[in-house]
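Inside the fold
Single-letter residue listing:
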Amino acid sequence: MASKAFLEKQERAIPVQQDVDILSAAARLAGEDLCSIADLSSGEVRAILKLGHDIKVNPREYRHALDAKQMVLMFEKASLRTRLSFETGINTLGGNAVFFDHTNSPLGERESIADVARNVERWVDIIVLRTYAHDTITEMAANSRVPVVNALSDFEHPCQALADFMTLDEHFGNVAGLNFTYVGDGNNVCHSLMLTGAQLGVNVTVATPRGYSPDIEIVTRSREICEENKCRLTLVQDPQAAAEGADAIYTDVCVSMGYEHESTKRAPIFRPFQVNEALMQRASGNAVFMHCLPARRNAEVTDAVLDGPQSIVFDQAENRMHAQKALLLLLLGGLANVASFQSKG
Ligand code: CP
Ligand code: NVA
């Protein structure tokens with residue numbers, strides 16, 4: 001018998017409301033890379049979310065969609081969620097994952113990134129990369145004939161943002177018009193959330209300490225996308241004001257991987273940006289708390305908030321797998337093997 005938690009989850013899996021054309025997205029994205037959320041159109045982001053919802057509810061329909069496809073994960077940094085959600089994701093689509101640990105030797109050190117790409121593409125169908133430098137991802141993509149996916153760089157975390165907005169969509173039924181507040185470091189996760197929010201018509205407010213605001217190119221691109229989708233991006237340095245009336249409050253660690261040497265300097269700067277019960281009180285009554293995880297408990301977020309009733313952090317973690325399965329299907333042309341899409345094609 002299905003557990004209560006499972007049944008509740010099924011009820012919460014609400015598809016994206018707008019008219020979403022998954023087949024057009026599938027046709028355009030087959031063979032493409034995902035280095036940045038900006039590589040996707042608004043319609044493509046919505047298609048990934050909608051497909052993610054369907055995969056979550058009907059996983060058996062997709063069980064053989066990527067039979068025998070090979071994926072390599074090349075990671076320069078530690079990971080729990082990203083590695084396991086990609087591995088379980090491709091395994092449950094019929095494909096296979098190979099993990100290539102690069103935590104002790106940066107990509108491009110033993111041989112050039114271009115030469116790595118020209119080898120790896122001969123064996124696998126898709127390359128998933130977690131790197132320090134974003135350029136490592138774009139260089140691999142430029143030199144590889146198989147799709148390259150950014151699984152976190154110093155500049156973006158697109159797979160995280162897709163899962164996060166899928167989670168919000170599931171929770172609220174629709175994300176367009178929501179007030180989404182990010183509090184903390186304006187770097188990789190924040191960048192991808194800004195772009196994805198803009199693609200989906202979400203009003204995004206970002207509160208960062210002075211000197212830690214998001215990259216200006218991402219701000220400019222997000223605002224251009226906001227204009228098309230009739231939403232706004234607001235940048236502030238006051239977390240209290242940013243939290244006022246928010247539907248979702250999101251934070252990330254203050255010290256990202258690669259910045260550990262700045263821990264002592266950053267701690268006092270980020271202290272006023274901690275998400276605690278007082279900050280959550282300023283948000284809307286039914287607001288949710290979000291975090292990409294891993295969390296540094298009682299640093300950027302208190303235990304009371306992280307473990308409290310408004311927290312949806314483990315739904316976000318779960319949805320990493322469903323959203324990435326949707327992404328893999330589109331990049332690898334797997335929908336052609338799914339019965340419900342064959343009749344529509
Ligand atoms: N959120 C996220 O990317 O987690 P990992 O670092 O564990 O992969
Ligand atoms: N900003 C964090 C995200 C980890 C998932 C980091 O880059 O370490």
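Below or above, wherever it landed, is the structure these notes cover. Only a predicted model underlies this, so the values are computations on that prediction, with no experimental measurement involved.

1. Considering the site of ligand 2
- Taken together, the neighbourhood of ligand 2 is formed by L152, N188, V189, D252, V253, S256, M257 and L293.
- Separating an oxygen atom of ligand 2 from a side-chain N or O atom of N188 is a distance of 2.8 Å.
- Between ligand 2 and the protein, one listed contact pairs a nitrogen atom with a side-chain N or O atom of D252 at 2.6 Å.
- Contact with the protein chains covers 95% of the free accessible surface of ligand 2, which is 270 Å².
- Among the residues making up the shell around ligand 2, the classes are represented as five nonpolar, two polar and one charged.

2. Regarding the site of ligand 1
- In the neighbourhood of ligand 1, the contacting residues comprise S79, L80, R81, T82, R130, H157, Q160, C292, L293 and R320.
- For ligand 1, an oxygen atom lies 2.8 Å from a polar atom in the side chain of R81.
- Contacts to ligand 1 include H157, whose side-chain N or O atom sits 2.8 Å from an oxygen atom.
- Starting from 250 Å² of accessible surface for ligand 1 in isolation, the protein chains cover 95%.

3. Re the nonpolar core
- Counting residues in hydrophobic clusters, the biggest one holds 72 residues, and the most contacted among them are L51, F180 and L335.
- Grouped together as the second largest cluster of nonpolar side chains are 18 residues, V183, A242, F273 and V301 included.

4. Digging into the packing of helix 8 (residues 188-199) against helix 9 (residues 216-229)
- At a minimum axis separation of 8 Å, helix 8 and helix 9 run at an interaxial angle of 15°. It follows from the interaxial angle that helix 8 and helix 9 lie roughly parallel. Considering how the two elements wind past one another, helix 8 and helix 9 form a crossing that is left-handed. Touching H191, M194, L195, A198 and Q199 of helix 8 are I218, V219, R221, S222, I225, C226 and N229, all from helix 9.
- Residue composition of the contact of helix 8 with helix 9, by class: seven nonpolar, four polar and one charged.

5. Points about helix 14 (residues 313-331)
- With 19 residues, helix 14 should cover 27 Å at 1.5 Å per step; its first-to-last C-alpha distance of 27 Å lies within 8% of that length.
- Largest kink in helix 14: about 30°, centred on N319.
- By the criterion of burial, helix 14 is predominantly enclosed, with 14 of the 19 residues buried.

6. Regarding the pairing of strand 6 (residues 203-207)
- Extensive coverage of strand 6 is indicated by the burial of five of its five residues.
- Side-chain alternation along strand 6 places N203, T205 and A207 on one buried face and V204 and V206 on a second face that is also buried.
- Across five bridges, strand 5 (residues 179-183) lies against strand 6 in parallel orientation. In the sheet register, T181 faces strand 6, and the bridge partner there is T205.
- A crossover connection joins strand 5 to the parallel strand 6 through helix 8; in handedness this β-α-β unit is right-handed.
- As judged from the four bridges shared by strand 6 and strand 7 (residues 233-236), these two strands associate in the parallel manner. Counterpart to A207 in the pairing with strand 7 is V236.

7. With respect to the side chain of T205
- For T205, the position within the fold is in strand 6.
- Residue class for T205 comes out buried when judged on its relative accessible area of 17%.

8. Observations regarding the pairing of strand 9 (residues 288-291)
- Residues of strand 9 alternate between two faces, with V288 and M290 on one and F289 and H291 on the opposite face, all of them buried.
- Across four bridges, strand 8 (residues 248-251) lies against strand 9 in parallel orientation. Looking at strand 9, one finds that T251 is bridged to H291.

9. A closer look at the environment of A336
- With respect to the helices and strands, the residue A336 is situated in the loop between helix 14 and helix 15 (339-342).
- Linking A336 and L23, residues 313 residues apart in sequence, is a C-alpha distance of 9.8 Å.

10. Notes on unusual backbone geometry
- The omega torsion of the bond from L293 to P294 falls at 5°, within 30 degrees of zero and hence cis.
- Relative to the helices and strands, P294 resides in the loop between strand 9 and helix 13 (303-306).
- Positioned with a positive phi, L293 is a non-glycine residue whose angle comes to about 65°.
- Relative to the helices and strands, L293 is located in the loop between strand 9 and helix 13.
- The exposure class of L293 is buried, given its relative accessible area of 12%.

11. A short note on the packing of helix 3 (residues 42-57) against helix 7 (residues 158-172)
- Between helix 3 and helix 7, the shortest axis-to-axis distance is 10 Å and the interhelical angle comes to 65°. When the axes of helix 3 and helix 7 are compared, the pair comes out roughly perpendicular. Seen from above, helix 3 lies across helix 7 with right-handed handedness. Mapping the contact onto sequence places V45, I48, L49, G52, H53 and K56 in helix 3 and L162, F165, M166, D169 and E170 in helix 7.
- Grouping the constituent residues of the contact of helix 3 with helix 7 by class yields six nonpolar, two polar and three charged.

About the thresholds
- Here the residue numbering is sequential within each chain, running from 1 through the sequence in written order.
- Going through the entries in the order they are written, you letter the chains from A and number the ligands from 1.
- Local features are withheld for residues below a pLDDT of 70 in this predicted model, meaning they are given only at 70 or higher, and side-chain atom pairs are given and counted only at 80 or more; totals for whole chains, interfaces and linings count all residues.
- To obtain the side-chain values, all non-hydrogen atoms of the structure were used and water was disregarded.
- If a single non-hydrogen atom of a residue is within 4 Å of a molecule or strand, that residue counts as near it.
- Pairing of N or O atoms within 3.5 Å defines a polar contact, subject to two protein rules: one partner must be a possible hydrogen donor and the other a possible acceptor, and residues neighboring in sequence count only if both atoms are side-chain atoms.
- The accessible surface values rely on the Shrake-Rupley method and a 1.4 Å probe; as for residues, cover is taken only from the protein chains in view.
- Polarity classes work like this: nonpolar for Ala, Val, Leu, Ile, Met, Phe, Trp, Tyr, Cys and Pro, charged for Asp, Glu, Lys and Arg, and polar for all others, with Gly in that last group.
- Side-chain atoms within 4.5 Å link the members of a nonpolar core, which is a set of buried Ala, Val, Leu, Ile, Met, Phe, Trp, Tyr and Cys residues.
- Throughout, exposure labels follow a simple rule: accessible area from a 1.4 Å probe, protein chains only, divided by the maximum for the residue type, with under 20% read as buried, over 50% as exposed, and the rest as partly exposed.
- For helices, the fitted line uses only the C-alpha atoms of the stretch in contact; every axis is such a line through C-alpha atoms, and the angle between N-to-C directions lies from 0 to 180 degrees.
- Put simply, DSSP H or I for four residues or longer makes a helix, DSSP E for two residues or longer makes a strand, and each gets a number counted from the N terminus.
- The cut-offs work like this: below 35 degrees is roughly parallel, past 145 is roughly antiparallel, 65 to 115 is roughly perpendicular, and the gaps in between are oblique.
- Each crossing gets its handedness from the near helix: less than a right angle anticlockwise from the far helix is left-handed, clockwise is right-handed.
- A contact between two residues is defined here by any heavy atoms of the two lying within 4.5 Å.
- In a helix, the anticipated span is given by 1.5 Å times the number of residues less one.
- Each residue is assigned a bend, namely the angle between axes fitted to the seven residues that terminate at it and the seven residues that start at it.
- A pair of strands is considered paired only if DSSP assigns at least 2 bridges between the two.
- We call a crossover right-handed when, viewed with both strands directed away from the observer, the connection leading from the first strand over the helix to the second proceeds clockwise.

The analysis is restricted to geometry; functional conclusions fall outside its scope.
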